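As a plain string of letters, each chain reads:
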Amino acid sequence: MHWKRAYRMLTFVNFLAMGLGIAWGIYAVIQPNMLITCLAVTVLIMAALMFRLIAVGKVKLASYTFISVVFMILCLTAKYLGILHQFFLPLAVCSFLLMRNEILSMKHGIPLLCLAAFGWYCCAPLDLAGRYVLPLTIREPALWFNQIFAGLAAYVCMHLAYEDVLEKNIMEIELRDALLNREFLIFYQPQVSKTAEIIGVEALLRWQHPTRGLVPPNDFIPIAEGSGLMIPIGEWILRAACEQLKKWHLVPGFEAISIAVNVSASQFAEEQFVSKVLKVVKETGIEPSLLKIELTESMLVANIDAIIEKMALLKDRGIRFSLDDFGTGFSSLSYLRQLPLDQIKVDQSFVRNLLKTPADAAVTKTIIALGNDLDLDVIAEGVETELHRDALVSMGCHHFQGYYFSRPIIVADFELLVLSTREKTKSTR
Ligand code: C2E
Ligand code: CA
Ligand code: CA
């Protein structure tokens, strides 16, 4: 939901920037002014790039591009033309929403920088003899127009930011109750071998909200992480997954199915993480090698020695580790060798473009070869078609996960899927 609002905010401010770019362009044609021509061209190129980034879902990159380009343009126009500094105000509110999930220095630093620039350019004396300065007949109405327009833009941005904060607060309160009200569900997505045998599942969290319906994890996990709720939620998932393994242990044909559990950064960083996992494993009496913990590359940036130590303690007890989203973040190969991993997961962004983009095919091939050379199991996620699967097999990948095999499903459907897959395999033999 935050991303939807960020998307709306970016679309709004981009249309605004485009409108100003066109107005400047027209002015520059009537009254040649080198600086305004350059600014109009820059704004229009930025707007086109932004629409492209928004369309392909790169909201974060679009946010950073927009804020930095507009900030620079506003500094230039405020200094040399004596106009537009009023737009630092809507930019501050806009960046407050766009930077909400970023690190503290960005989250507060960027809006504060915009406000400081606003204050600075309001007070700074204007060099009216400057080369590019606009004639008074243009500057005066432009100042009026900007004052009103920037005020309106600030109002719309504030409204969107307010709705976003309100929604976040409501969700935080609802998340606190969700655990108690047993509103969380686990969906299971099969992991399949080269011979189409289901060898395991990934446990994927869902929130069955009383009014919103089934909420996907990306809509609430960032809020749960930010409010410390991801630790109890993560513990619940871990226990539920181990309970499921315990049940399958007694069902013929299901005893060897493994469960991969995603662990969040805050959960893994917790001092008692190792003891908590071992406690659940002991209490449920599961075979530890059937539990696979998925860590993401982005979690490995800080204090790698402590991470390796925690992983080694769990690995000694037989628990396995998979490195999720491999290739998208930090990928120091020396660390990869040191980490006690069992598996790497080729990120779905590479798999999705495998057949379209030679660069993604090359990255996928390299990751698979790297995994095989390091004696790690390699699983590709986001496998959506038979062509994807075949291409991956030809690159040496033996395990797959994706919509081609099954979407994430509830446990009862998963059990039926396992049984029907076995039936099919038997009848084709
Ligand atoms: P992830 O760990 O990378 O999980 C894979 C995501 O890709 C899942 O989205 C899955 O439904 C989706 N997916 C699988 N196959 C395909 C495919 O063929 N095509 C496409 N387009 N998508 C596919 P989901 O369930 O929405 O989860 C999103 C993310 O939320 C997960 O990404 C993971 O980072 C996080 N998450 C989910 N469950 C948990 C959890 O229990 N704990 C934590 N900490 N994070 C979780
Ligand atoms: Ca995962
Ligand atoms: Ca992944």
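Trainee: With reference to specific residues and values, describe the state of the cysteines.
Mentor: One pass over the full model with this rule turns up zero disulfides. Not engaged in a disulfide, the cysteine Cys75 finds its nearest cysteine sulfur in Cys114; these two sulfurs lie 8.8 Å apart. According to the relative accessible area criterion, Cys75 is buried, its value standing at 17%. Of all cysteine sulfurs in the structure, the one in Cys94 sits closest to Cys114, which takes part in no disulfide; the separation is 8.5 Å. Residue Cys114 is classed as buried on the basis of its relative accessible area, which comes to 1%.

Trainee: Talk me through the pairing of strand E2 (residues 198-209); I want residue IDs and the actual numbers.
Mentor: Of all 12 residues in E2, 10 are buried; the element is thus mostly enclosed. Bridge count for strand E1 (residues 184-193) against E2 is nine bridges, and the pairing is antiparallel. Along E2, the bridge assignment pairs Gln191 with Gly200. In this sheet, strand E4 (residues 258-262) lies alongside E2 in parallel orientation, the contact comprising four bridges. Bridging from a neighbouring strand, Ala203 pairs with Val261 of E4. Examined bridge by bridge, E2 and strand E3 (residues 213-215) share three bridges and lie antiparallel to one another. Directly across from Gln208, in E3, lies its bridge partner Leu214.

Trainee: Which residues make up the side chain of Ser406, and what values do they have?
Mentor: Relative to the helices and strands, Ser406 is located in the loop between strand E9 (399-401) and helix H16 (411-428). Using a relative accessible area of 9% as the deciding quantity, one classes Ser406 as buried. Ignoring any residue separated from it by four or fewer positions in sequence, one finds Ser406 in contact with Gln189, Pro190 and Leu417.

Trainee: I'd love a proper account of the coordination of the calcium ion (ligand 2), names of residues and values included.
Mentor: For a metal bound by four donors in tetrahedral geometry, the ideal donor-metal-donor angle is 109.5 degrees, whereas six donors in octahedral geometry ideally sit at 90 or 180 degrees. Donor atoms from the polypeptide that bind the calcium ion (ligand 2) are Glu202 (OE), Asn262 (OD1), Glu294 (OE) and Asp324 (OD), placed at 2.2 to 2.3 Å. Sequence positions of the residues that donate to the calcium ion (ligand 2) give the spacing E-x59-N-x31-E-x29-D. Between the two metals, the calcium ion (ligand 2) and the calcium ion (ligand 3), the spacing is 4.2 Å, and Asp324 donates to both. Taken together, the residues Glu294 in strand E5 (residues 291-296) and Asp324 in strand E6 (residues 320-326) connect sequence positions 30 residues apart. Each member of the pair, Glu294 as well as Asp324, carries the same accessibility label: buried.

Trainee: Describe the site of ligand 1, and please don't skip the residues or the numbers.
Mentor: Surrounding ligand 1, one finds 23 residues, the nearest of these being Arg206, Asp324, Gln348, Glu384 and Tyr403. In the model, an oxygen atom of ligand 1 is placed 3.4 Å from a nitrogen or oxygen of the Asp325 side chain. One of the backbone nitrogen or oxygen atoms of Tyr403 is found 2.8 Å away from an oxygen atom of ligand 1. Here ligand 1 loses 84% of its free accessible area of 800 Å² to cover by the protein chains. Looking at the shell around ligand 1, the elements with two or more residues in it are E2, helix H7 (217-226), helix H8 (230-249) and E6.

Trainee: A description of the packing of aromatic side chains should follow, citing residues and the corresponding values.
Mentor: One pass over the structure, following the stated rule, counts 14 aromatic pairs. Centre to centre, the rings of Trp207 and Phe220 are 5.5 Å apart; their planes meet at 75 degrees, and the pair counts as edge-to-face. Remark: Phe220 occurs in helix H7 and Trp207 occurs in strand E2; sequence separation between them is 13 residues. Taken as a pair, Trp207 and Phe220 share a single burial class, namely buried. Put simply, the rings of Phe184, Trp207, Phe220 and Trp236 touch in pairs and so form one group of aromatic residues. Over the ring of Phe268 we find Lys310; its NZ or CZ atom is 5.5 Å from the centre of that ring. Across the ring face of Phe400, the terminal group of Arg389 is positioned such that the distance to the ring centre comes to 5.9 Å.

Trainee: Give a description of the pairing of E1 that names residues and reports values.
Mentor: Most of E1 sits out of view: nine of its 10 residues are buried. Counting the residues between successive antiparallel strands, the hairpin from E1 to E2 contains four residues, one of them, Ala196, with a positive phi of roughly 70 degrees. In the sheet, E1 pairs with E9 via two bridges, with the strands oriented antiparallel. Paired with Val192 across the two strands is Phe400, which belongs to E9.

Trainee: Tell me about a nonpolar patch on the surface, and please be specific about residues and values.
Mentor: On the surface, Ile22, Ile26, Val29, Ile30 and Leu44 cluster together into a nonpolar patch covering about 500 Å² of accessible area. In terms of residue count, helix H1 (residues 2-30) provides more of the nonpolar patch than any other element does, four residues in total. Mapped onto the elements of the fold, Ile22 is located in helix H1.

Procedures and definitions
- Residues numbered from 1 in each chain as written.
- Chains lettered and ligands numbered in written order.
- Predicted model: local features only at pLDDT ≥ 70, side-chain atom pairs only at ≥ 80, totals over all residues.
- Heavy atoms only, no water.
- Disulfide = S-S within 2.5 Å.
- Buried < 20%, exposed > 50% of the residue type's maximum accessible area, 1.4 Å probe, protein only.
- Helix = DSSP H or I, 4+ residues; strand = E, 2+ residues; numbered from the N terminus.
- Pairing = 2+ DSSP bridges.
- Contact = heavy atoms within 4.5 Å.
- Donors = N, O, S within 2.8 Å, 3.2 Å for Na, K, Ca; no water.
- Near = heavy atom within 4 Å.
- Polar contact = N/O pair within 3.5 Å; in protein donor to acceptor, adjacent residues only side chain to side chain.
- Areas by Shrake-Rupley, 256 points an atom, 1.4 Å probe, with all protein chains shown as cover.
- Phe/Tyr/Trp six-rings, centres within 6.5 Å; stacked < 30°, edge-to-face > 60°.
- Lys NZ or Arg CZ within 6 Å of the ring centre and 35° of its normal.
- Patch = residues over 30% accessible without salt bridge, like charges linked within 9 Å, V, L, I, M, F, W, Y side chains within 5 Å.
- Salt bridge = Lys/Arg side-chain N within 4 Å of Asp/Glu carboxyl O.

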